[in-house]
Amino acid sequence: YGSTRPERILAEVKRKATRGDARSVVDTIDQYCRHQEWAMNVGDEKGTILDSIVCEVKPRAMLELGTYCGYSAVRIASLLPPNSRLITMEFNPVFAAIARQVIAWAGVEDKVVLIEGPSGDWIPKMKKEFGLTSFDLVFLDHWKDCYLPDTKLMEECGLLRTGSILVADNVICPGAPDYLEYVRGSPRYESKYFRSHLEYTRVEDGIEKSVFLG
Ligand SMILES: Cc1ncnc2c1ncn2[C@@H]1O[C@H](/C=C/CNC(=O)c2cc(-c3ccc(F)cc3)cc(O)c2O)[C@@H](O)[C@H]1O
Ligand SMILES: [Mg+2]
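K.L.:
Talk me through the pattern of salt bridges; I want residue IDs and the actual numbers.
P.N.:
Going through the model one piece at a time under the given rule, you end up with 17 salt bridges. Across the pair aspartate 141 and lysine 144 runs a salt bridge, and its minimum N-O distance is 3.2 Å. As far as the burial class goes, aspartate 141 and lysine 144 line up, both buried. With a shortest N-O distance of 3.5 Å, glutamate 204 and arginine 195 are connected by a salt bridge. Connected through shared salt-bridge partners, Lys46, Asp169, Glu199 and Asp205 make up one network.

Next comes the structure, spelled out in structure tokens:
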């Protein structure tokens, strides 16, 4: 029957992954998407780069834009220190519902807050709604043409402090040229490219890590 790709990924997680074991959820999704059906998770190779940045930064407050099935939310949450929070935004209700179940199956729901709605609407409300001063780390993995406007919006809303770090997926494939030009050209950012591959393929892709200098 007409299940969606995210529904099939969730079914695979429930069939193969150990409940409460975030690592097994991540590995199950990687196996499925590498061997059965490609999906736009950050994946295992770029995921290792993301892991190293999360472990280095040890963010108290982290934001993810674009939850999709919750793969990177689970991956990130499994590395967060106690009393740290990942807020992840997803505007597609079908994807959000799947992601909630993936996050719950992994047993990381106490570290993840999934907000359903467009990032552009929610970013200006973050301080009030969540008593936040700023984000230590932001992972951008939503529509690629939203990276730049949302970055500028976070700056305007005072959600970035000196030292806040932006990590952007797919800066080569599909690409986010206006975003790259901005963070690489602006004196307010120190930017670094981590060369890798598009998830589950040999196609070149990479992650851009940009430190906000204030
Ligand atoms: C403003 C707003 N607010 C809230 N949620 C938002 C939102 N804008 C989008 N979302 C959500 O985020 C996800 C969207 C992710 C977009 N990611 C990609 O398009 C993507 C594509 C590829 C890819 C590469 C080569 C190909 F040939 C085909 C695809 C790889 C990737 O890694 C990607 O991330 C999706 O769950 C969408 O609902
Ligand atoms: Mg991506």
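K.L.:
An account of the packing of helix H1 (residues 5-16) against helix H2 (residues 22-35) is needed here, citing residue identities and associated values.
P.N.:
For any two helices packed against each other, the geometry comes down to the angle between their axes and how far apart the axes lie. Close contact between H1 and H2 brings their axes to 9 Å; oriented N to C, the two are set at 125 degrees. Put simply, H1 runs oblique to H2. The two elements H1 and H2 cross, and the hand of that crossing is right-handed. Two secondary-structure elements touch here, H1 through Arg8, Ile9, Glu12, Val13 and Lys16 and H2 through Val25, Thr28, Ile29, Tyr32 and Cys33. Class assignment for the residues of the contact of H1 with H2 results in six nonpolar, one polar and three charged.

The rules behind the values
- Residues numbered from 1 in each chain as written.
- Chains lettered and ligands numbered in written order.
- Predicted model: local features only at pLDDT ≥ 70, side-chain atom pairs only at ≥ 80, totals over all residues.
- Heavy atoms only, no water.
- Salt bridge = Lys/Arg side-chain N within 4 Å of Asp/Glu carboxyl O.
- Buried < 20%, exposed > 50% of the residue type's maximum accessible area, 1.4 Å probe, protein only.
- Axes fitted to C-alpha atoms, helices over the stretch in contact; angles between N-to-C directions.
- Helix = DSSP H or I, 4+ residues; strand = E, 2+ residues; numbered from the N terminus.
- Parallel < 35°, antiparallel > 145°, perpendicular 65-115°, else oblique.
- Left-handed = near helix turned anticlockwise from the far one by under 90°.
- Contact = heavy atoms within 4.5 Å.
- Nonpolar A, V, L, I, M, F, W, Y, C, P; charged D, E, K, R; others polar.

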